[in-house]
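# Analysis of the macromolecular model
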Amino acid sequence: GNSVTQMEGPVTLSEEAFLTINCTYTATGYPSLFWYVQYPGEGLQLLLKATKADDKGSNKGFEATYRKETTSFHLEKGSVQVSDSAVYFCALMDTGRRALTFGSGTRLQVQP
Amino acid sequence: GAGVSQSPRYKVAKRGQDVALRCDPISGHVSLFWYQQALGQGPEFLTYFQNEAQLDKSGLPSDRFFAERPEGSVSTLKIQRTQQEDSAVYLCASSLGQGAKQPQHFGDGTRLSIL
């Protein structure tokens with residue numbers, strides 16, 4: 001079956017530090033990959049996505065590249081801000097299905 | 001409203017009671033999804049509608065869980081004879097059309113606590 005594995009949190013960084021949140025996946029087909037973010041007190045929001053191998057998704061300074069050879073979709077940001085503090089979820093949607101399969105989430109805490 | 005609306009935001013029920021959770025998708029969105037999110041975990045898929053048709057219910061954990069979308073807009077998730085393990089946040093999402101290129105927009109969820 002499909003699964004998504006994320007690095008465990010919490011991840012605590014100082015403002016302007018470099019961020020990496022690792023995500024690897026297992027899928028039976030050729031999935032699309034997503035990062036969702038949940039800010040405190042808010043619902044899940046789509047952050048970025050990539051629908052095929054070697055695609056790079058980007059938004060709000062965050063980037064992730066779909067690496068089929070390593071089945072990975074790591075999230076990166078060059079300089080984090082306090083406002084980036086949230087829980088980040090990696091997810092996939094497999095070929096022919098509409099259901100999203102999520103990882104367990106990684107909490108990011110950015111300190112001023 | 002502009003987003004997916006869920007009600008109630010919080011629901012407390014005694015074990016054995018039936019509950020009904022409501023989802024109002026974004027107007028015009030064809031697809032509607034229900035997910036269950038346990039504390040500290042990612043959401044897990046329950047079921048999917050395209051208009052009024054329930055096309056995938058593979059994630060429903062038991063026959064106590066039932067979802068409907070009779071007119072292709074508002075959806076209700078019903079849980080009968082609730083048990084403590086049903087305690088979770090229930091998320092609804094909608095998307096404009098089909099396929100991975102149509103993002104799923106999530107509501108704020110209903111937090112269900114079974115005593």
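Every value quoted in this text rests on a predicted model; they were computed, and no experiment measured them.

Every contact between the two is made by 18 residues of chain A and, on the other side, 25 residues of chain B. Per-residue buried area on chain A facing chain B is highest for Leu44(A), Arg98(A) and Phe102(A); these three make up 37% of the total on that side. Seen at the junction of chain A and chain B, the total is one salt bridge. For Asp56(B), the salt bridge goes to Arg97(A), with nearest N and O atoms at 2.7 Å. Where chain A packs against chain B, one counts nine residue pairs in polar contact (both at pLDDT 80 or more). The set of elements that each furnish at least two residues to the side of chain A that touches chain B consists of β5 (32-38), β6 (44-50) and β10 (86-93) of chain A. At four residues, the largest contribution of residues to the side of chain A that touches chain B is made by β5(A). Partitioning the side of chain A that touches chain B into residue classes produces nine nonpolar, five polar and four charged.

All names here are of chain B. Burial along strand β3 (residues 19-24) is one-sided: Val-19, Leu-21 and Cys-23 are buried, while Ala-20, Arg-22 and Asp-24, pointing the other way, are not. In this structure, strand β1 (residues 5-7) lies alongside β3, joined through three bridges in antiparallel fashion. Looking at the pairing, Ser-5 lines up with Asp-24 of β3. Examined bridge by bridge, β3 and strand β8 (residues 75-79) share five bridges and lie antiparallel to one another. From the neighbouring strand, Leu-21 faces β8, where its bridge partner is Leu-77.

With that settled, consider the state of the cysteines. Counted according to the given criterion, the structure contains two disulfides over all chains. The residue that forms a disulfide with Cys23(A) is Cys90(A), at a sulfur-sulfur distance of 1.9 Å. A torsion of -70° about the S-S bond marks the disulfide between Cys23(A) and Cys90(A) as left-handed. Of this pair, Cys23(A) sits in strand β4 (residues 23-26) while Cys90(A) sits in strand β10, placing them 67 residues apart in sequence. For Cys23(A), a relative accessible area of 0% corresponds to the buried category. Paired by a disulfide, Cys23(B) and Cys92(B) hold their sulfur atoms 1.9 Å apart. One quick way to see it: the torsion about the S-S bond of Cys23(B) and Cys92(B) is about -65°, and its sign makes the bridge left-handed.

This paragraph deals with unusual backbone geometry. Among all residues save glycine, negative phi is the norm, and among peptide bonds the norm is trans. The peptide bond linking Gly9(A) to Pro10(A) adopts the cis configuration, its omega dihedral lying at 0°. With respect to the element layout, Pro10(A) can be found in the loop between β1 (3-6) and β2 (11-14). Omega for the peptide link from Ser7(B) to Pro8(B) comes to -10°, which places this bond in the cis form. One non-glycine residue, Lys60(A), adopts positive backbone phi at about 55°.

With that settled, consider the environment of Gln84(B). All names here are of chain B. Counting through the fold element by element, Gln-84 comes out in the loop between β8 and β9 (88-95). When its relative accessible area of 51% is taken as the criterion, Gln-84 is described as exposed. What Gln-84 contacts, discounting residues up to four positions off in sequence, is Arg-15, Ile-114 and Leu-115.

The rules behind these values
- Residues numbered from 1 in each chain as written.
- Chains lettered and ligands numbered in written order.
- Predicted model: local features only at pLDDT ≥ 70, side-chain atom pairs only at ≥ 80, totals over all residues.
- Heavy atoms only, no water.
- Contact = heavy atoms within 4.5 Å.
- Buried area = accessible area lost by both parts, 1.4 Å probe.
- Salt bridge = Lys/Arg side-chain N within 4 Å of Asp/Glu carboxyl O.
- Polar contact = N/O pair within 3.5 Å; in protein donor to acceptor, adjacent residues only side chain to side chain.
- Helix = DSSP H or I, 4+ residues; strand = E, 2+ residues; numbered from the N terminus.
- Nonpolar A, V, L, I, M, F, W, Y, C, P; charged D, E, K, R; others polar.
- Buried < 20%, exposed > 50% of the residue type's maximum accessible area, 1.4 Å probe, protein only.
- Pairing = 2+ DSSP bridges.
- Disulfide = S-S within 2.5 Å.

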